[in-house]
Amino acid sequence: MTNPFKFAEIILPLALPGTFTYEISPVDVPYLKVGQRVSVPFGSNKLYTGIVHSLHNQKPELYKTKMIDTILDTEPLVTKIQIKFWEWMANYYLCSLGDVYRNAFPTALKWESETFVKFIGTIEQIQEHLAEEEWMVVNAINQKGILSVSEIAKIVERKSAIPVIKSLWEKGIIHLDEVLKEKYTPKVERFVRVNPELKSNEKLFNESLHKLKNATKQRETILQLIVEEAQSSKPIKISQFLKKYGGTHSMINSMEEKGLVQIYDLEISRIEEVKNDIIDSEELNLEQYKAQKLIEEYFEESKTVLLHGVTSSGKTEIYIKLIEQKIEEDKTTLFLLPEISITSQMVQRIRKHFGDKVGIYHSKFNQNERVELWNNTLNDEYKIVIGARSALFLPFQNLGLVIVDEEHESAYKQSDTKPFFHARDMALVLGSMFQANIILGSATPSLESYHNAQIGKYGYVQLTKRFTDVELPKIELIDLKRSIRNKEMVGDVSRTLEEAIRDTFKEGKQVLIFQNRRGFAPVVECMSCGHSPYCPNCDVPLTFHKFSNRLKCHYCGHSQGRPTKCSNCQSLELTTKGIGTEQIEIQLQSLFPDKKIARMDVDAMRKKHAYEKTIEAFEQQEIDILVGTQMVAKGLDFSNIGLVGVIRADSLLNFPDFRAHEKAFQLLTQVAGRAGRRKEQGKVLIQTFNPDHEVLQNVTRYDYEKTAKDILYERKSFLYPPYLRLVQLTFRHAKVEKVDKVSTEFVRLLKPMFDEKHLLGPIEPSIGRIRNLYIRQVLIKIPEGASAAKVKEWIQKSIESLHTIQAFRSVRIEIDVDPS
DNA sequence: AGCACGCCGACT
DNA sequence: GTCGGCGTGCTC
């Protein structure tokens, strides 16, 4: 029985609601399956790669359907669960299915549409009068035979070649040919082997060796190669061989010319092999064992578990035990980590345990590597997939367990591209679609998860002891007001901190200094009028980058040289204000001139491998003090840190963000956890102007419960999550009047549905203009007990009705469900 | 979201 | 006189 369906709903990578109906050609009918990729014509002359969403027989009446161009796969690349998952996300985050598809599916599999141009006849047959540009194109096509639109665009040196092509087409000289080109190219690497003939023929071999009597290095190399081949049956990579024994590529090449060796290419897996041998899992201590048993009990009840364990309490070992169990059940585990932790020791440990059963997926991987991971996951080749939030979108077959480590991390929320999803929340959704067990792990759980545990929605499992039995570092606050009064400050470093650093060096230990970047970026300021240069496109002062001696905007990328005089009063006396990590680094260097100091922030890490190099140097103790931002707080596990210093905690507390206190506690606790992880108790010094601040006091006592209780009380009284859900709308337009008008109108439309406590705005955010677009924001608090779906429907209806007004359409409206 | 079409300013 | 600015409308 052949497939009886004549129409297919196709998901296209567009920000348009729903799917698109296409006709299936009778030839294709028996082969088309849900989840396959197809290329379809769209609009006047575009081809898109879409995914088959469903098949049916209802001929649409309102429009004419087009025919599916090509079926790109013999088997589906997208599973039915994935399609269901995408739809769930689109619905929850108020974006189109196409938005999800675009984000969830590897770019290299969404084939590029390229228009190719060919002659109809020959160049000699052209009789029409042609313009100069047209002749250029015609000659180029004559030479190459076929050209793509983008290539023609280069020849005519214009943004678009369409007018020229169109005119040639109208004159009947060329025809257009839509061709799809797949971008995926497997990675090949160069390998070397001893010429097999030499190996079997001793005489020949000796002759060859004799010929090399003047080439010592080559003689040596061939012998090394023979040894290497004897030791292992694996192919020998040229790059690795040269690294091990020395020598150059040209040397290998000349050896190939002499017939001594053969060079050959092999298609290799882009996913790095695991080098280390597999290590058995460690025995759990009593506390861990009890925790594991408790987790299993909750899993029996199909409950999500919140695993709350202080740093170094050994969560990883528990994860490993749980993964092992899932492997026995022949089920896959998805292990989510915040992006920054992907290169961490955690991943190494998991890989050491599970070897090549592990797939790793994160944003540093290129498109080709992602395709490989996609295919391997589809073929159920991994038992564990470790990845950042994007790993949620892999085509899992039989998911049995989802682990979200560091579940409180805000990096789990996607905030740059649609859909603005939270990976922790979506992990719960995906997990439930597979009826998989879910475990959320953290040393400082998010208040959402903690609240869910308190009300019994999640199982709650705690680990209170450090695995290694080392006591948690001692945290002390330094009162900056008093230090200033007593004239004990050198720049931003108090004498107490300075002395502690000296003591740490005496013990042969390293120091980690943390400086929160936000709010402390250095700016140029005029000493006579106080004016600072602003970004021409955004409402922010430009930040000063000492090493390039330039001013940059972090929002739009604008960059200019450091001015020599004030643009406001022409004064020549300019100074730099604010304490960035750069400043701290300089100050520390002058305090400790003979010590090696390194900096770790976004700017310093821009160079390739800078991050890895810095970490390695610090591990090797080539660096005495590491100064850094958020980056140093996360995912790093150094053994020799004696002291952690926080330059100023206040900036963390004073954010205009309802999560400021929660984040401050999490971050400071996390930074503190970097001290003294192995043998001895470490020390933490936090400089602040508010040593009496409740949150800071709680940090010194490691009192998570108290902090959570305080903050939850505030959240309840001021109507914030976890007691209710938020939806934030952002309006953008080049004209202030328009954003103002549209945003106020939006609020007016929604007003009947809410009281003033639940509908806030429109407000001008602290940065009121970015990239020349003015911004307004509206915050909706979905009342407790109200249907979130209903509220979202109202929001969408209101936007729709705003869009019926011509003049309002150009205002971009962005919806962020559960903003962070 | 793209993309084409269409109507007004600054330039060869 | 054209090029190209972006406002507007449409896409199965």
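Reading the values: the criteria
- Residues numbered from 1 in each chain as written.
- Chains lettered and ligands numbered in written order.
- Predicted model: local features only at pLDDT ≥ 70, side-chain atom pairs only at ≥ 80, totals over all residues.
- Heavy atoms only, no water.
- Near = heavy atom within 4 Å.
- Polar contact = N/O pair within 3.5 Å; in protein donor to acceptor, adjacent residues only side chain to side chain.
- Helix = DSSP H or I, 4+ residues; strand = E, 2+ residues; numbered from the N terminus.
- Nonpolar A, V, L, I, M, F, W, Y, C, P; charged D, E, K, R; others polar.
- Buried < 20%, exposed > 50% of the residue type's maximum accessible area, 1.4 Å probe, protein only.
- Pairing = 2+ DSSP bridges.
- Salt bridge = Lys/Arg side-chain N within 4 Å of Asp/Glu carboxyl O.
- Axes fitted to C-alpha atoms, helices over the stretch in contact; angles between N-to-C directions.
- Contact = heavy atoms within 4.5 Å.
- UniProt positions renumbered as here; feature names shortened; annotations may be inferred.
- Phe/Tyr/Trp six-rings, centres within 6.5 Å; stacked < 30°, edge-to-face > 60°.
- Lys NZ or Arg CZ within 6 Å of the ring centre and 35° of its normal.

Quick look at the protein's contact with DNA strand C now. In the region of DNA strand C, 14 residues are neighbours, and T21, F42, Y63, K66 and Q806 sit closest. For DNA strand C, the fraction of protein-proximal atoms (within 4 Å) that sit in sugar or phosphate groups is 63%. Within the contact set of DNA strand C, a sugar or linking oxygen lies 2.7 Å away from a backbone nitrogen or oxygen of T21. In this structure, a phosphate oxygen belonging to DNA strand C sits 3.2 Å away from a side-chain N or O atom of R809. Every element with two or more residues in the surface near DNA strand C is listed here: β2 (20–23) and β3 (37–42). It is β2 that contributes the most residues to the surface near DNA strand C, three residues altogether. Among the residues forming the surface near DNA strand C, the class breakdown is six nonpolar, four polar and four charged.

Residues I625 and V627 point to one face of strand β30 (residues 625–628) and L626 and G628 to the other, with burial holding for every one of them. In this structure, strand β23 (residues 510–514) lies alongside β30, joined through four bridges in parallel fashion. Residue pairing across strands places V511 opposite I625, the latter belonging to β30. Bridge analysis of strand β29 (residues 597–600) against β30 gives four bridges, and the strand direction is parallel. Counterpart to R599 in the pairing with β30 is V627.

The next subject is the pattern of salt bridges. Overall, the coordinates contain 30 salt bridges when judged by the stated rule. Across the pair K199 and E229 runs a salt bridge, and its minimum N-O distance is 2.4 Å. Of the two residues, K199 sits in helix α6 (residues 196–200) while E229 sits in helix α8 (residues 216–231), which places them 30 residues apart along the sequence. Assessed through its relative accessible area of 18%, E229 is described here as buried. A salt bridge links E814 to R732; the shortest N-O distance between them is 3.0 Å. Note that E814 is positioned in strand β37 (residues 812–817) and R732 in strand β33 (residues 725–733), a separation of 82 residues in sequence. On the basis of relative accessible area, R732 is assigned to the partly exposed category, the value being 24%. Put simply, D99, R102 and K418 are held in one network by salt bridges that share partners.

With that settled, the discussion passes to the sheet that holds strand β14 (residues 332–336). With parallel pairing, the seven strands of this open sheet are ordered in space as β15-β16-β14-β17-β18-β13-β19. At either margin of the open sheet sits one strand with a lone partner, and together these are β15 (358–361) and β19 (459–463). Taken pair by pair, the neighbouring strands of this sheet meet at an average axis angle of 15°, ignoring direction. With five bridges joining them, strand β13 (residues 305–309) and β19 adopt parallel strand pairing. In the strand pairing of β19, L307 is matched with V461. Lying over the sheet, helix α12 (residues 315–328) contacts β13, β14, β16 (384–387), β17 (399–405), β18 (437–442) and β19, oriented at roughly 170° with respect to β17.

Now for the UniProt feature "binding site: Zn(2+) 2" (unreviewed entry) in chain A. UniProt's entry tags C535, C538, C553 and C556 with the feature "binding site: Zn(2+) 2" (unreviewed entry), counted in the numbering of this structure. In sequence the annotated residues extend across 22 residues, while in space they remain close, none of their C-alpha pairs exceeding 8.7 Å. Looking at where C535 falls in the secondary structure, it is placed in the loop between β24 (523–526) and β25 (543–545). Contact partners of C535, with chain neighbours within four places excluded, come to V540, L542, C553, C556, H558 and R769. Not counting the four nearest positions on each side in its chain, C556 is found in contact with C535, N537, C538 and R771.

Quick look at the sheet that holds strand β31 (residues 641–646) now. Spatial ordering of the open sheet is given by β20-β32-β31-β23-β30-β29, a layout of six strands whose pairing is parallel. The sheet is open, and its two edges are formed by β20 (474–479) and β29, each paired on a single side. Each adjacent strand pair in this sheet contributes to an overall mean axis angle of 20°, direction not counted. Relative to strand β32 (residues 683–688), β31 runs parallel, the two being bridged by four bridges.

By the definition in use, this model includes 19 aromatic pairs. Plain terms: the ring middles of F20 and F42 are 5.4 Å apart, the flat faces sit at 90° to each other, and that makes the pair edge-to-face. Linking F20 in strand β2 with F42 in strand β3, this pair joins segments that are 22 residues apart in sequence. Classification of F20 as buried rests on a relative accessible area of 19%. Lying across the ring of F544, R562 places its NZ or CZ 5.1 Å from the centre. The residue whose ring lies beneath K792 is Y92, and the NZ or CZ to ring-centre distance is 3.5 Å.

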